[in-house]
Amino acid sequence: GDAVSVSIGQGPVLATAVQLAAAYATLANRGRATTPHLVAADREPEREIGLDAHALAEVTAALARVVHGSQGTARRLAGLPIAGKTGTAQVVRLQEGVSSADLAPKLRHHALFVGWAPLDDPSLVVAVLVEHGGDGASAAAPVVGRVIAAHLQQDGAEAENVTPAAPATEDR
């Protein structure tokens, strides 16, 4: 019964931010895996891992809708050519009717966002985890947006909105 939940990152899934960035880099590179690196000189050759082209196109389109779709959880980044996914890592089990924001800061969920840009010719993957940040859309996605906006400006790329909305100012 856990297969469906685990397949979308729910349930007992454990991954570091670097592991998530590596997985998303494989998606962004259309099925070619790369080893994470800090500088270009450390970059190893990509390796084909045999992802189904149709499935890869579906996942990529879904990740683009997270930012650019009318119901995407990271719509605040829509001015940037980003694909990605918001996420939340639960710290404590919540009772029904209780929000993470209602808890003491040390008990709030961890916020996640992993994304790449530009959409069609990726040059950067960024993964951010904000400890006790609440939800990925309001805490982690804006950080990724600022990093990617700076990267795009450095590369001379145009973006409609290179300053994503600031995260909520709640106590973290």
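Cut-offs and rules
Residues numbered from 1 in each chain as written. Predicted model: local features only at pLDDT ≥ 70, side-chain atom pairs only at ≥ 80, totals over all residues. Heavy atoms only, no water. Helix = DSSP H or I, 4+ residues; strand = E, 2+ residues; numbered from the N terminus. Buried < 20%, exposed > 50% of the residue type's maximum accessible area, 1.4 Å probe, protein only. 1 Å grid on protein atoms, 1.4 Å probe; cavity = no way out; pocket = protein on both sides within 12 Å on 5 of 7 lines; lining within 4 Å. Points joined across faces, edges and corners; volume = space filled by probe spheres on them. Nonpolar A, V, L, I, M, F, W, Y, C, P; charged D, E, K, R; others polar. Pairing = 2+ DSSP bridges. Axes fitted to C-alpha atoms, helices over the stretch in contact; angles between N-to-C directions. Contact = heavy atoms within 4.5 Å. Expected span 1.5 Å × (residues − 1). Polar contact = N/O pair within 3.5 Å; in protein donor to acceptor, adjacent residues only side chain to side chain. Core = buried A, V, L, I, M, F, W, Y, C linked by side-chain atoms within 4.5 Å.

Observations concerning unusual backbone geometry
Note: most residues except glycine have negative phi, and most peptide bonds are trans.
Okay, so step 1: Cis geometry is adopted by the peptide bond preceding Pro-118, which originates at Ala-117 and carries an omega value of -20 degrees.
Okay, so step 2: By the secondary structure assignment, Pro-118 is in the loop between strand S4 (110-117) and strand S5 (124-130).
Okay, so step 3: Within the chain, Arg-30 stands out as a residue other than glycine whose phi angle is a positive 55 degrees.
Okay, so step 4: Mapped onto the elements of the fold, Arg-30 is located in the loop between helix H2 (17-28) and strand S1 (32-33).
Okay, so step 5: Owing to a relative accessible area of 46%, Arg-30 belongs among the partly exposed residues under this scheme.
Okay, so step 6: If you check the backbone angles, His-132 has positive phi at about 60 degrees while not being a glycine.
Okay, so step 7: Along the chain, His-132 turns up in the loop between S5 and helix H4 (136-154).

Points about the layout of surface pockets
Okay, so step 1: Its volume calculated, the second largest pocket comes out at about 500 Å³.
Okay, so step 2: Lining the second largest pocket are 21 residues, and of these Thr-34, His-37, Ser-123, Leu-124 and Val-125 lie nearest its centre.
Okay, so step 3: Listing elements by their share of the lining of the second largest pocket, those giving two or more residues are H2 and S5.
Okay, so step 4: Its residues assigned to classes, the lining of the second largest pocket comprises 14 nonpolar, five polar and two charged.

Some remarks on the sheet that holds S4
Okay, so step 1: The strand order S3-S4-S5 describes an open sheet built from three strands, whose pairing is antiparallel. Two strands bound the open sheet, and with one partner strand each, they are strand S3 (83-89) and S5. Within the sheet, the average angular offset between the axes of one strand and its neighbour, ignoring direction, is 10 degrees.
Okay, so step 2: Strand contacts of helix H3 (residues 53-68): S3 and S4, with the helix running at about 75 degrees to S3, the strand carrying the most contacts.
Okay, so step 3: Contacting S3, S4 and S5, H4 crosses the sheet at an angle of about 30 degrees to S4.

Some details on the pairing of S4
Okay, so step 1: Most of S4 sits out of view: eight of its eight residues are buried.
Okay, so step 2: Taking every second residue as pointing to the same face, both faces of S4 are buried, with His-110, Leu-112, Val-114 and Trp-116 on one and Ala-111, Phe-113, Gly-115 and Ala-117 on the other.
Okay, so step 3: Bridge count for S3 against S4 is seven bridges, and the pairing is antiparallel. If you follow Gly-84 over to S4, its bridge partner there is Gly-115.
Okay, so step 4: Both S4 and S5 contribute to a ladder of seven bridges, which runs antiparallel.

Thoughts on H2
Okay, so step 1: Relative to the 16 Å expected for twelve residues at 1.5 Å per residue, H2 spans 16 Å between its end C-alpha atoms, a close match to the ideal helical length.
Okay, so step 2: Buried positions along H2 lie against S1, H3, S3, S4 and S5.
Okay, so step 3: Immediately beyond the C-terminal end of H2, within one or two residues, lies Arg-30, with a positive phi of roughly 55 degrees.

Some words on H4
Okay, so step 1: Taking 1.5 Å per residue as the helical rise, H4 with its 19 residues ought to reach 27 Å, and the 25 Å between its terminal C-alpha atoms agrees with that figure.
Okay, so step 2: Two to three positions downstream of the cap, the backbone nitrogen of Ala-137 sits 3.1 Å from a side-chain oxygen, assigning the N-cap of H4 to Asp-135.
Okay, so step 3: Gly-156 sits one or two residues past H4 and shows a positive phi near 80 degrees.

Considerations on the nonpolar core
Okay, so step 1: Core analysis: the largest hydrophobic core is formed by 19 residues, its most contacted members being Ala-74, Leu-77, Ile-82, Phe-113 and Ile-148.
Okay, so step 2: At the level of secondary structure, the elements contributing two or more residues to this core comprise H3, S4, S5 and H4.
Okay, so step 3: For this core, the element with the most residues is H4, which contributes seven residues.
Okay, so step 4: Leaving out residues up to four positions away in the same chain, Ile-148 has contacts with Ile-82, Gly-115, Trp-116, Ala-117, Leu-124 and Val-126.
Okay, so step 5: Leu-27, Ala-28, Leu-56 and Ala-64 belong to the second-largest nonpolar core, a separate cluster that totals nine residues.

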